[in-house]
Structures are given as C-alpha cells and as structure tokens.
Amino acid sequence: MNKISLKWIAILSSVLLLMGFSGVSIADVKQDIFDARQETQIWTTYALSPYLRAHDLKVVVRNGKATLTGTVDEDVSRDLAGQIALGVSGIKDVDNQIAVQSDYSPKNASGYGEAIDDVTITAAVKSRLIWSKYSYISTDIKTKSGRVTLTGAVGSAEAKELAGRLAASTRGVVSVNNQIVVEDRTDKAKVSENAKAAVSDAGQSVADAWITAKVKSNFFYSSNVSGSDIDVSTHSGVVTLKGKVSSGAERALAIELAKNIRGVKSVEAKDLLF
C-alpha cells in the first residue's frame, strides 16, 4: 500500500509555496486536497477488505481519475479493487493497471485491517452473550487474528457450552478457546451479588421490540444463518419466525438462537421453510 501521509506532506508544501509564489492557485490546492481524500478513502477500504489487504496496491488520484497499480493473484481481486475505487464519490474514471500473477503470494494480512476485524469480532461475541438468557457478567473475550479466547465463570455447563457455540458461529471467527469455568452455584455463599442481580433481571419481562431486535441482530452476526431471509416478530415473549432457509440445519440453528435470547418464552417456526 502507498503511504498516504506523503501526499499530505506534498499538499502542505504546496500551501507554503502558495504563500510566496503566485503561480499556484487556491483552486489547485483544493483539488490536491480532494484528490488526497479520495486516495485515502480507497486505500482504507483496501486495508479493511479481507480480500485485498494482503496485496501491495498503490493508488494515485488526479482530477477524479484513479490509477491503480500493484499485483494480485486472481482476476476477481483486480476487478474488486477497480469497483471499490469507482464507487468512491467524485471518482469518474479508473485506470486499473493492477497485474494478475497466478503464482503471486500475498504477504501476511496483518496490521490495521486485522486489528479492526478483531475488535469487531470481540464486540459481536460480547453482544451475543449479553443478549443471552444466561448470565455472562464475569466472562472476558479476547480476539487475536480471528481466534477467540473466552475466560471467566458461569453457573452451568449449558451456559459454558452456549458461549462457545455463539462465539464459534460469529462471523469472522476462526477458532474458539473456551476456558470458561463452571462454578458450583449450589453453595449460596459462592454466588456473587452480580450473579444474583443478573438472575433477578432475567426473570423480569423484556419488551417484545427489544427481543425482536436482538433476535435479528443475532442472526446478522451469525456465520451460519442468513438473517436477511427470515422475518422476526414477537408478541408477549413468543417469537415467530417466517421465511426461507437453505437447510434443516440452518432452520434448527435459527430456532436455537432465538430461544436463547433473554426474555423469549417460546419460538413458533412453522412458517420457516427450507
């Protein structure tokens, strides 16, 4: 990837020169700034893309025309880079000079894009646990290169197992190391005040709209359920699922995910077909 900061240095130099020479117009400087912004937007999108971040791609923008150079291993990656650049506001033309080399080995995809992925995964897993009918107050989640580690304590083996399944089925997760410990909650002296409060909260009624939103979000975060094809509604804690799924396994998982949302009393899925 090209160093965008060098372009900004060049722009600042132009501004300084503008102070001493009349040959450079304010319009030219404004155009340079606009070009640099577009370069930054394209480069950032490449850095975030799991398909392009490992490739050494360079971007130069001049007056609405983006010139792309570098090497990728497949035609689809070259085309993707071109479409991304063309989709940036203000880009009117793309000169895609990216070379396709079948035996090209991209460098390890690390750095900025991977860090964003890990933060996103951690947030998604944490959200799914918070929405669950079980208490995960003392559970800690760490993600490194898509590998999730769960630590902390829960009150049952079922809660530990569900945490592992939810993490494993979250988009972008490569593997899960479930180190959660199951506490013996039969001894009331071992039950923390936080756990007591969580149990009390779980017994309270939850708004139907909240349940519907969390079921939909749970589907969205899942790597195994196509939530866009499932209609979700809730009435008095009863969730109704309608729509189309690709298999019986996906249908069963959708029902399980809905059942494990806090406040759900039952799930009706007779109109969820495959």
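Let me sum up the structure you'll find in this document. Since we're looking at a predicted model, the values are computed, not measured. (Residues numbered from 1 in each chain as written. Predicted model: local features only at pLDDT ≥ 70, side-chain atom pairs only at ≥ 80, totals over all residues. Heavy atoms only, no water.)

A closer look at the layout of surface pockets
In this structure, the second largest pocket spans a volume of roughly 260 Å³. Around the second largest pocket, the lining comprises 16 residues; the ones closest to its centre are Asp-117, Asp-118, Ile-121, Arg-171 and Gly-172. Taken together, the elements giving at least two residues each to the lining of the second largest pocket come down to α4 (112-131) and α7 (208-221). For the lining of the second largest pocket, the element with the highest residue contribution is α4, accounting for six residues. Per-class residue counts for the lining of the second largest pocket are six nonpolar, five polar and five charged. (1 Å grid on protein atoms, 1.4 Å probe; cavity = no way out; pocket = protein on both sides within 12 Å on 5 of 7 lines; lining within 4 Å. Points joined across faces, edges and corners; volume = space filled by probe spheres on them. Helix = DSSP H or I, 4+ residues; strand = E, 2+ residues; numbered from the N terminus. Nonpolar A, V, L, I, M, F, W, Y, C, P; charged D, E, K, R; others polar.)

Considerations on the nonpolar core
Leu-150, Val-215, Phe-219, Ile-230, Val-239 and Leu-241 are the most contacted members of the largest nonpolar core, which totals 36 residues. Those elements that place two or more of their residues in this core are α4, β6 (147-151), α5 (157-168), α7, β10 (230-235), β11 (238-244), α8 (248-259) and β12 (266-273). Val-59, Ala-66, Leu-68 and Ile-98 belong to the second largest nonpolar core, which has 15 residues in total. (Core = buried A, V, L, I, M, F, W, Y, C linked by side-chain atoms within 4.5 Å. Buried < 20%, exposed > 50% of the residue type's maximum accessible area, 1.4 Å probe, protein only.)

Focus on the pairing of β11
Note: β10 against β11, six bridges, orientation antiparallel. Note on β11: the bridge partner recorded for Thr-234 is Val-239. Counting the residues between successive antiparallel strands, the hairpin from β10 to β11 contains two residues, one of them, Ser-236, with a positive phi of roughly 55°. Relative to β12, β11 is paired through six bridges, and the arrangement is parallel. Along β12, the bridge assignment pairs Thr-240 with Glu-268. Handedness of the crossover joining β11 and β12 through α8 is recorded here as right-handed. (Pairing = 2+ DSSP bridges. Right-handed = clockwise from strand over helix to strand, strands pointing away.)

Examining the environment of Ser-132
Along the polypeptide, Ser-132 turns up in the loop between α4 and β5 (140-144). Measuring from C-alpha to C-alpha, the distance between Ser-132 and Lys-259 comes to 9.0 Å, with 127 residues separating the pair along the chain. With near-sequence residues (within four places) excluded, Ser-132 lies in contact with Leu-162, Asn-260 and Arg-262. (Contact = heavy atoms within 4.5 Å.)

Quick word on the side chain of Thr-143
Mapped onto the fold, Thr-143 is located in strand β5. In this structure Thr-143 touches Asp-118, Ile-121, Thr-122 and Val-148, once residues within four positions along its chain are discounted.

Quick notes on the environment of Glu-161
As for its placement among the helices and strands, Glu-161 is situated in helix α5. Given the relative accessible area of 48%, Glu-161 is considered partly exposed. For the pair Glu-161 and Ile-180, spaced 19 residues apart in sequence, the C-alpha separation works out to 9.2 Å.

Structural notes on the packing of aromatic side chains
Aromatic ring pairs are reported here in terms of the distance separating the ring centres and the angle at which the planes meet. Under the defined criterion, the tally for this structure stands at two aromatic pairs. Centre to centre, the rings of Trp-131 and Tyr-221 are 6.0 Å apart; their planes meet at 20°, and the pair counts as stacked. A residue pair is termed long-range when its members are at least 10 positions apart, and Trp-131 in helix α4 and Tyr-221 in helix α7 qualify at 90 residues. One aromatic cluster is present, built from ring pairs that chain together Trp-131, Phe-220 and Tyr-221. Lying across the ring of Phe-220, Arg-171 places its NZ or CZ 5.9 Å from the centre. (Phe/Tyr/Trp six-rings, centres within 6.5 Å; stacked < 30°, edge-to-face > 60°. Lys NZ or Arg CZ within 6 Å of the ring centre and 35° of its normal.)

Considerations on the pattern of salt bridges
A full pass over the atoms with the stated rule returns four salt bridges. Close ionic contact of Glu-161 with Arg-165 constitutes a salt bridge, the shortest N to O distance being 3.1 Å. Remark: Arg-165 and Glu-161 occur in helix α5; sequence separation between them is four residues, near one turn of the helix. Notably, a salt bridge pairs Arg-165 with Glu-256, separated by 2.2 Å at the nearest N-O pair. Here the residue Arg-165 occupies a position in helix α5, and Glu-256 occupies one in helix α8, the gap between them amounting to 91 residues. One salt-bridge network, held together by shared partners, links Glu-161, Arg-165 and Glu-256. (Salt bridge = Lys/Arg side-chain N within 4 Å of Asp/Glu carboxyl O.)

Some words on the side chain of Thr-139
With respect to the helices, strands and loops of the structure, Thr-139 is situated in the loop between α4 and β5. Owing to a relative accessible area of 14%, Thr-139 belongs among the buried residues under this scheme. Every residue in contact with Thr-139, bar those within four places of it in the chain, is listed here: Leu-129, Thr-151, Gly-152, Ala-153, Val-154 and Ile-180.

Without other data, these values stay purely geometric and don't point to any function.
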